[in-house]
Amino acid sequence: MHKNFIAGEWVEGVTAGLNINPSDTQDVIGEYSRADAAQTEQAIESAYQAQKTWAQWTAEQRSDALDRIGTEVLARRNELGELLAREEGKTLAEGIGEVVRAGRVFKFFSGEVLRLAGEKLPSIRPGVDVEVTREPEGVVGIITPWNFPIAIPAWKIAPALAFGNAVVFKPADLVPGSAWALSEIIARAGQLPAGTFNLVMGPGSKVGQTLAHSRKVRAITFTGSVSTGRSIGMTCMERGAKVQLEMGGKNPLLVLNDADLELAVSVAINGSFFSTGQRCTGSSRLIVEDGIHDQFVAAMAQRMAALRVDHALKAGTDIGPVASQDQLDQDRHYIELGCQEGGVLYAGGELLRRDTPGFYLAPALITQTHNAMRINREEVFGPVASVVRVRDYEEAVHLANDTDFGLSSGICTTSLKHATDFKRRSTAGMVMVNVPTAGVDYHAPFGGRKGSSYGPREQGSHAREFYTSVKTAYTLA
Ligand code: NAD
């Protein structure tokens with residue numbers, strides 16, 4: 001039994017759940033505790049009590065703690081990457097890559113602790129000093145989704161701890177394994193004061209809601225779906241808590257007539273289908289200029305036919321299974337819907353049988369769609385991409401921005417003029433030129449606009465905006 005970690009102790013949950021391998025549903029990864037509201041309250045109280053002690057640790061002590069955690073995560077990349085691939089379904093290479101990213105995030109924030117600077121301003125009044133400093137926010141509640149089971153927890157937990165905040169971490173119910181392994185490393189290698197870091201596994205309706213409502217949780221950082229994010233946002237707003245929401249995407253990738261066709265196909269295949277398309281930054285709308293459209297979709301279909309969809313841990317697998325039966329049902333529902341709306345299933349989209357029972361779906365390409373269709377307005381969150389044919393660049397930019405979301409966008413072009421113009425006019429938080437819409441650096445700000453995100457950016461030095469509170473002090477010298 002994998003237990004919750006509260007007040008420096010491993011404690012059994014009120015109930016427990018099984019973690020199942022989506023590549024082989026007969027493979028049970030383990031049993032994981034699930035808390036209720038009362039146990040979550042205990043974790044919040046322990047964080048609340050530890051907050052002051054943790055904030056008083058010196059920057060160097062906090063830096064060292066993060067460094068120890070990052071070192072162990074990186075050293076165990078293969079083992080943790082395998083666990084991640086086994087529980088979530090991304091390939092082993094993708095799993096190891098994600099673990100490395102998580103380790104690097106801890107290393108980055110280990111350095112960032114020591115770079116926290118304030119400001120001293122000239123006052124408009126004689127003899128007065130104005131100082132601007134940053135302080136910890138207080139207890140931070142961290143709620144994460146299932147699609148990046150170790151990287152997203154890492155990029156929230158590391159800055160939270162770095163800047164002196166105690167943490168209550170609630171991972172996704174579907175994939176508690178990587179979150180538990182990371183928490184075990186933090187609990188042991190971190191050598192933090194008891195209560196500074198708490199792991200509370202369990203359902204969003206109980207654990208997540210308790211965090212959102214607790215007056216002792218000063219800030220909530222959430223990544224997940226739009227509907228859950230908005231409701232958490234409203235709850236936090238009502239009680240005046242700080243909130244950061246990273247939600248869905250409907251990310252466009254523009255392919256212009258002057259694109260390098262081979263590169264554009266690689267960029268689209270990666271952005272739309274790698275990690276089984278289960279990335280908030282995935283390219284789900286391929287907006288293709290008329291002159292290259294037919295060649296592009298034919299080349300896509302050819303490359304898709306060569307992709308190996310199989311067990312996530314098998315050598316040679318390009319794309320693992322969908323993460324769960326629910327997600328598989330959703331993917332198939334949207335493929336059907338796209339066709340009912342007038343789209344054509346040009347390639348893939350069928351269920352696949354493999355040696356082990358799992359949620360295997362051939363990546364799907366739907367052509368002849370237009371931007372008003374639901375398939376182009378709602379997030380599918382699977383290996384499903386639709387193609388919108390446009391007559392020129394202007395129409396492409398217009399459609400790219402014609403969405404409620406604004407997380408990532410991309411363009412494949414050899415024209416500096418179009419690349420520059422698109423970087424200016426895209427209404428997404430992240431813009432990619434000739435690289436996939438998904439896949440970002442851990443030291444650069446991450447986040448979106450419009451319905452995709454709310455609150456300050458995550459990652460890189462921008463992370464301090466959320467995890468610290470600014471204080472302005474005036475002194476008559
Ligand atoms: P989800 O909203 O169902 O769950 C996210 C987390 O919230 C989970 O831990 C869940 O248990 C918890 N939760 C659920 N209901 C809750 C409630 N009522 N109160 C409090 N917590 C609750 O999302 P998911 O299905 O795990 O993840 C997929 C979604 O995440 C997609 O929409 C995807 O786009 C999004 N996502 C966004 C980003 C980003 O950075 N923008 C990154 C990854 C995933």
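Here the structure is shown first, and the text comes after it.
The structure displayed is predicted, hence computed values, not measured ones. (Residues numbered from 1 in each chain as written. Predicted model: local features only at pLDDT ≥ 70, side-chain atom pairs only at ≥ 80, totals over all residues. Heavy atoms only, no water.)

**Topic: the overall build of the protein chain**
Scanning the protein chain from terminus to terminus reveals 15 helices and 20 strands. Over its C-alpha atoms the protein chain spans a radius of gyration of 23 Å, differing by no more than 12% from the 23 Å that the globule rule assigns to 477 residues. If one aligns the C-alpha atoms of the protein chain with their principal axes, the spans along those axes are about 70 × 65 × 40 Å. Residues classed as buried in the protein chain amount to 58% of the 477 residues present. Sequence separation of at least 24 residues holds for 72% of the intrachain contacts in the protein chain that already meet a minimum separation of 6. Roughly 18700 Å² of accessible area belongs to the protein chain as shown, and the carbon and sulfur atoms make up 50% of that amount. Side-chain charges in the protein chain split into 48 positive and 54 negative, and the spacing between the mean points of these groups amounts to 5 Å. (Helix = DSSP H or I, 4+ residues; strand = E, 2+ residues; numbered from the N terminus. Rg over C-alpha atoms; globule rule 2.2 N^0.38 Å. Buried < 20%, exposed > 50% of the residue type's maximum accessible area, 1.4 Å probe, protein only. Contact = heavy atoms within 4.5 Å. Areas by Shrake-Rupley, 256 points an atom, 1.4 Å probe, with all protein chains shown as cover. Lys, Arg positive; Asp, Glu negative; His and termini not counted. Charge placed at Lys NZ, Arg CZ, Asp CG, Glu CD.)

**Quick look at the state of the cysteines**
In total, this model carries zero disulfides according to the counting rule given. Left unpaired, cysteine 236 is separated from the closest cysteine sulfur, that of cysteine 280, by 20 Å. (Disulfide = S-S within 2.5 Å.)

**Comments concerning the site of the ligand**
Around the ligand lies a shell of 26 residues, among which Thr144, Ser225, Met247, Cys280 and Glu379 are the nearest. Glutamine 209 has a polar side-chain atom sitting 2.8 Å from a nitrogen atom of the ligand. Starting from 850 Å² of accessible surface for the ligand in isolation, the protein chains cover 86%. Top contributing element to the shell around the ligand by residue count: helix α7 (residues 204–213), with three residues. By residue class, the composition of the shell around the ligand is 13 nonpolar, ten polar and three charged. (Near = heavy atom within 4 Å. Polar contact = N/O pair within 3.5 Å; in protein donor to acceptor, adjacent residues only side chain to side chain. Nonpolar A, V, L, I, M, F, W, Y, C, P; charged D, E, K, R; others polar.)

**Here we look at the sheet that holds strand β20 (residues 468–476)**
The three strands are arranged β5-β6-β20 in an open sheet whose pairing can be described as antiparallel. Single-partner strands in this sheet number two, and they are β5 (119–122) and β20. When strand polarity is set aside, the average angle formed by the axes of neighbouring strands in this sheet is 25°. By the bridge criterion, four bridges tie β5 to strand β6 (residues 128–136) in an arrangement that is antiparallel. Within the sheet, the bridge partner assigned to proline 122 lies in β6 and is aspartate 129. (Pairing = 2+ DSSP bridges. Axes fitted to C-alpha atoms, helices over the stretch in contact; angles between N-to-C directions.)

**Overview of the packing of aromatic side chains**
Applying the stated criterion to the full structure yields ten aromatic pairs. Aromatic side chains phenylalanine 108 and phenylalanine 109 sit 5.1 Å apart centroid to centroid with 90° between the ring planes, which places their arrangement in the edge-to-face category. Judged by its relative accessible area of 1%, phenylalanine 109 falls in the buried class. A centroid spacing of 6.4 Å and a plane angle of 75° characterise the contact between phenylalanine 108 and tyrosine 442, whose relative ring orientation is edge-to-face. A residue pair is termed long-range when its members are at least 10 positions apart, and phenylalanine 108 in helix α4 (residues 92–112) and tyrosine 442 in the loop between β18 (430–433) and β19 (453–454) qualify at 334 residues. (Phe/Tyr/Trp six-rings, centres within 6.5 Å; stacked < 30°, edge-to-face > 60°.)

**Some details on the packing of helix α3 (residues 77–88) against helix α6 (residues 176–189)**
Here α3 crosses α6 at 155°, and the two axes come no closer than 8 Å. Relative to α6, α3 is oriented roughly antiparallel. Contacts from Leu80, Leu83, Leu84 and Glu87 in α3 reach Pro176, Gly177, Ser178, Ala181 and Ile185 in α6. Classifying every residue of the contact of α3 with α6 by side-chain character gives six nonpolar, two polar and one charged. (Parallel < 35°, antiparallel > 145°, perpendicular 65-115°, else oblique.)

**With respect to a nonpolar patch on the surface**
Side chains of Leu18, Ile20 and Val28 sit close together on the surface and give an oily, nonpolar patch of about 240 Å² of accessible area. Assignment of secondary structure puts isoleucine 20 in strand β3 (residues 15–21). (Patch = residues over 30% accessible without salt bridge, like charges linked within 9 Å, V, L, I, M, F, W, Y side chains within 5 Å. Salt bridge = Lys/Arg side-chain N within 4 Å of Asp/Glu carboxyl O.)

**Here's the deal with the side chain of serine 284**
Within the element layout of this structure, serine 284 appears in strand β13 (residues 283–289). Assessed through its relative accessible area of 12%, serine 284 is described here as buried. Once residues lying within four places of it in the same chain are set aside, the contact partners of serine 284 are Lys250, Asn251, Val384, Ala385 and Ser386.

**Focus: the sheet that holds β18**
Spatially, the seven strands line up as an open sheet ordered β14-β15-β16-β13-β12-β17-β18, and their pairing is mixed. The open sheet is flanked by β14 (344–347) and β18, the only strands paired with a single partner. Strand-to-strand, the axes of this sheet are offset by a mean angle of 25°, without reference to chain direction. Two elements, strand β12 (residues 251–255) and β13, share five bridges in a ladder whose sense is parallel. Bridge pairing in β13 places leucine 254 opposite isoleucine 287. Running at roughly 155° to β13, helix α9 (residues 261–273) makes contact with β12, β13, β15 (364–369), β16 (384–390) and β17 (408–412) of the sheet. Helix α10 (residues 290–305) rests against β12, β13, β14, β15 and β16 of the sheet, and its axis sits at about 140° to β13.

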